[in-house]
Amino acid sequence: ISLALLTPYKQFGQALLRVSSCLKMSGASASADINSEQPKELYEKAEEYWANASRDDDGMLGGFAHLHTPDITQSIQFLNGLRKKGFLIDNAYALDCGAGIGRVTKHLLLPQFKKVDMVELVKELVEKSDSYIGPNPRMAEKFVSGLQDFDPEPARYDLIWIQWVSGHLTNSDFVDFFKRCKEGIRENGIICLKDNLSGRSDVVFDDEDHSWTRHEALIKELFTQAGLSIVASETQRGFPQGMYPVKMFAMKPTKGDSNAQAKANLPTMI
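Keep in mind it's a predicted model, so treat the numbers as computed, not measured.

### So, the nonpolar core
Residues I160, I162, F177, F178, I191, L193 and F223 are the most contacted members of the largest nonpolar core, which totals 34 residues. Elements with a contribution of two residues or more to this core: α1 (40-51), β1 (93-97), β4 (157-163), α6 (171-184), β5 (185-196), α7 (216-225) and β9 (246-253). Filtering out sequence-adjacent residues up to four positions away, I191 remains in contact with I160, I162, F178, C181, K182, I185, L228, F249, A250 and M251. Core analysis: the second largest hydrophobic core is formed by 30 residues, Y49, F78, L79 and I190 among them.

Written out as structure tokens, the structure reads:
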């Protein structure tokens, strides 16, 4: 999860450099290979970074806890818009990917879905989610896994929400993960990505949290490779100037996709 800050923000100190799955520096380099076939070391460094982040909203938002409200508010509006358009029909089960301590799970998904799963790489953050979220009968499974290894149960979810975490995946792992997500949604399910955009035609690497910020054309190309089509998108509003643009995309399997056709024959979850 990574938001994006311009280099002038560095003067406010190290707290601003702790860019979470939601904050990212536009002054970062392009030194790491996003097409690497051996990204294990980068993934390990990213895990180490997040294991040392403070386990609260401030830590999850890279020192910008005040962005929590506009973030969640517009995400709620985006989901409501998907429902009105008929793209999001059921509310039985959702999955929060790169969930951290459960900020999005608690404030966005649990109020809207009967059951919610979380997947998060860092065990300590998952453990913290118990007290952060508190007792909630809607809270279901909590998986400790990197998205490069996570395989959703087929036809389980009405919504898979992926926020400020896809930048930790190489391009090939990004595509493979979204292919698995495609199999993880129910017949009328939907996949949503909310992430930073580099705002230019190159990919920016952040050597603090070891993640990349992609440009929009590349993200759309990767969706196509994964067999997904965008049905709705929206740019985040209300964030300070100097941050990378943040955009939400809602995707469904591309028509004619064999997995989508096979899913129609699966029994409906109760």
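Anyway, onward from the coordinates.
### Let's talk about the state of the cysteines
Under the definition given, this model contains zero disulfides. A disulfide-free cysteine, C97 has its sulfur positioned 5.2 Å from the sulfur of C181, the nearest such atom.

### Structural notes on the UniProt feature "binding site: S-adenosyl-L-methionine" (unreviewed entry) in the chain
Cross-referencing UniProt, the feature "binding site: S-adenosyl-L-methionine" (unreviewed entry) maps to G98, R103, L147, Q148 and Q163 in the present numbering. Checked against the element boundaries, G98 lands in the loop between β1 and α4 (103-109). Overall, the relative accessible area of 9% leaves G98 in the buried class. Following the sequence through the fold, Q148 ends up in the loop between β3 (139-144) and β4. Once residues within four sequence positions are removed from consideration, Q148 is found in contact with Y43, L169, D173 and R180.

### Description of the environment of G184
With respect to the helices, strands and loops of the structure, G184 is situated in helix α6. A relative accessible area of 0% places G184 in the buried class. Residues G184 and R156 lie 28 residues apart in sequence; the distance between their C-alpha atoms is 5.6 Å.

### Topic: the environment of A217
Structurally, the position occupied by A217 is in helix α7. The spacing of A217 and L197 is 20 residues in sequence and 9.6 Å in space, taken between C-alpha atoms.

### Concerning the packing of α6 against α7
Interaxial distance between α6 and α7 falls to 9 Å at its minimum, and their mutual angle equals 50 degrees. In this view, α6 runs oblique relative to α7, as classed from their interaxial angle. In this structure, α6 meets α7 at a crossing whose hand is right-handed. On α7, the residues touching N171, F174, V175, F178 and K179 of α6 are L218, L222, F223 and Q225. Of the residues belonging to the contact of α6 with α7, the class tally is six nonpolar, two polar and one charged.

### Side note on the packing of aromatic side chains
A complete count under the given rule lists nine aromatic pairs for this structure. Note on F177 and F178: the rings are 5.6 Å apart at their centroids and 80 degrees apart in plane angle, and the pair reads as edge-to-face. Residue classification places F177 among the buried positions, given a relative accessible area of 0%. Connected via pairs of aromatic rings, a cluster forms that spans F174, F177, F178, F223 and F249. The positively charged end of R83 is found above the aromatic ring belonging to F113, 5.3 Å away from the centroid.

Parameters and conventions
- Residues numbered from 1 in each chain as written.
- Predicted model: local features only at pLDDT ≥ 70, side-chain atom pairs only at ≥ 80, totals over all residues.
- Heavy atoms only, no water.
- Core = buried A, V, L, I, M, F, W, Y, C linked by side-chain atoms within 4.5 Å.
- Buried < 20%, exposed > 50% of the residue type's maximum accessible area, 1.4 Å probe, protein only.
- Helix = DSSP H or I, 4+ residues; strand = E, 2+ residues; numbered from the N terminus.
- Contact = heavy atoms within 4.5 Å.
- Disulfide = S-S within 2.5 Å.
- UniProt positions renumbered as here; feature names shortened; annotations may be inferred.
- Axes fitted to C-alpha atoms, helices over the stretch in contact; angles between N-to-C directions.
- Parallel < 35°, antiparallel > 145°, perpendicular 65-115°, else oblique.
- Left-handed = near helix turned anticlockwise from the far one by under 90°.
- Nonpolar A, V, L, I, M, F, W, Y, C, P; charged D, E, K, R; others polar.
- Phe/Tyr/Trp six-rings, centres within 6.5 Å; stacked < 30°, edge-to-face > 60°.
- Lys NZ or Arg CZ within 6 Å of the ring centre and 35° of its normal.

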